[in-house]
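Spelled out from the first residue to the last, the chains are:
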Amino acid sequence: MDCVFCRIVAQEIPATIRHETADLVAFDDLHPRAPFHILLIPKRHIPSVRELMDTDAKLMGDLIGAARTIAQAQGIAPGGYRLVINCGQDGGQEVAHLHLHLLGGKRLGAMA
Ligand code: AMP
């Protein structure tokens, strides 16, 4: 298994887990780009948004729902936050396991 996020799911490498269900896990980004930066991933290995199937609609809804729940619990929801999914080389995706970034805790400003 050479996918770093699959290895986090399998508890083979450490991560600060914030939330977990049967289908997804949320953990702190190793190199946070904001005071609050967590990644939400499906436990199943899906390389990117490109490989999603119609049957994954609930999974993606659950990922966003979990991000909303975490943001609410962490107190950053009223001020707002950013959800980002990078896809592929041109999209700046570095880890080939679908993930949703949740960034917040400061005024992020316009996207570059
Ligand atoms: P992306 O550029 O959208 O693929 O984002 C990948 C993210 O994964 C980056 O923000 C990295 O800091 C983060 N990352 C890489 N390895 C780890 C790890 N072992 N634990 C937590 N976050 C990681």
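Residues numbered from 1 in each chain as written. Predicted model: local features only at pLDDT ≥ 70, side-chain atom pairs only at ≥ 80, totals over all residues. Heavy atoms only, no water.

> Can you walk me through the pairing of strand β2 (residues 24–28) in this structure?
Note on strand geometry: in a regular strand, side chains alternate between the two faces of the sheet. Among the 5 residues of β2, 4 are classified as buried, and the element is accordingly described as predominantly covered. Looking at chain direction, strand β1 (residues 17–20) and β2 are connected through 3 bridges and run antiparallel. By the bridge assignment, isoleucine 17 is partnered in β2 with phenylalanine 27. When β2 meets strand β3 (residues 36–42), the two strands line up antiparallel, connected through 5 bridges. Its bridge partner lying in β3, valine 25 is registered against isoleucine 41. (Buried < 20%, exposed > 50% of the residue type's maximum accessible area, 1.4 Å probe, protein only. Helix = DSSP H or I, 4+ residues; strand = E, 2+ residues; numbered from the N terminus. Pairing = 2+ DSSP bridges.)

> Sorry, what's going on with the pattern of salt bridges here?
Applying the stated rule across the entire model yields 6 salt bridges. Between arginine 18 and aspartate 28 there is a salt bridge whose closest N-O contact spans 2.7 Å. You can see arginine 18 sitting in strand β1 and its partner aspartate 28 sitting in strand β2, a full 10 residues away along the chain. (Salt bridge = Lys/Arg side-chain N within 4 Å of Asp/Glu carboxyl O.)

> Is there a simple way to think about the sheet that holds strand β4 (residues 81–84) in this case?
Pairing between sheet strands relies on hydrogen bonds along the backbone, with the strands arranged either parallel or antiparallel. Pairing within the open sheet is antiparallel, and its 5 strands lie in the order β1-β2-β3-β5-β4. The sheet is open, and its two edges are formed by β1 and β4, each paired on a single side. In this sheet, adjacent strand axes meet at a mean angle of 20 degrees when their direction is disregarded. As defined by bridge partners, β3 adjoins strand β5 (residues 100–104) across 5 bridges and the pair is classed as antiparallel. In the sheet register, histidine 37 faces β5, and the bridge partner there is leucine 103. (Axes fitted to C-alpha atoms, helices over the stretch in contact; angles between N-to-C directions.)

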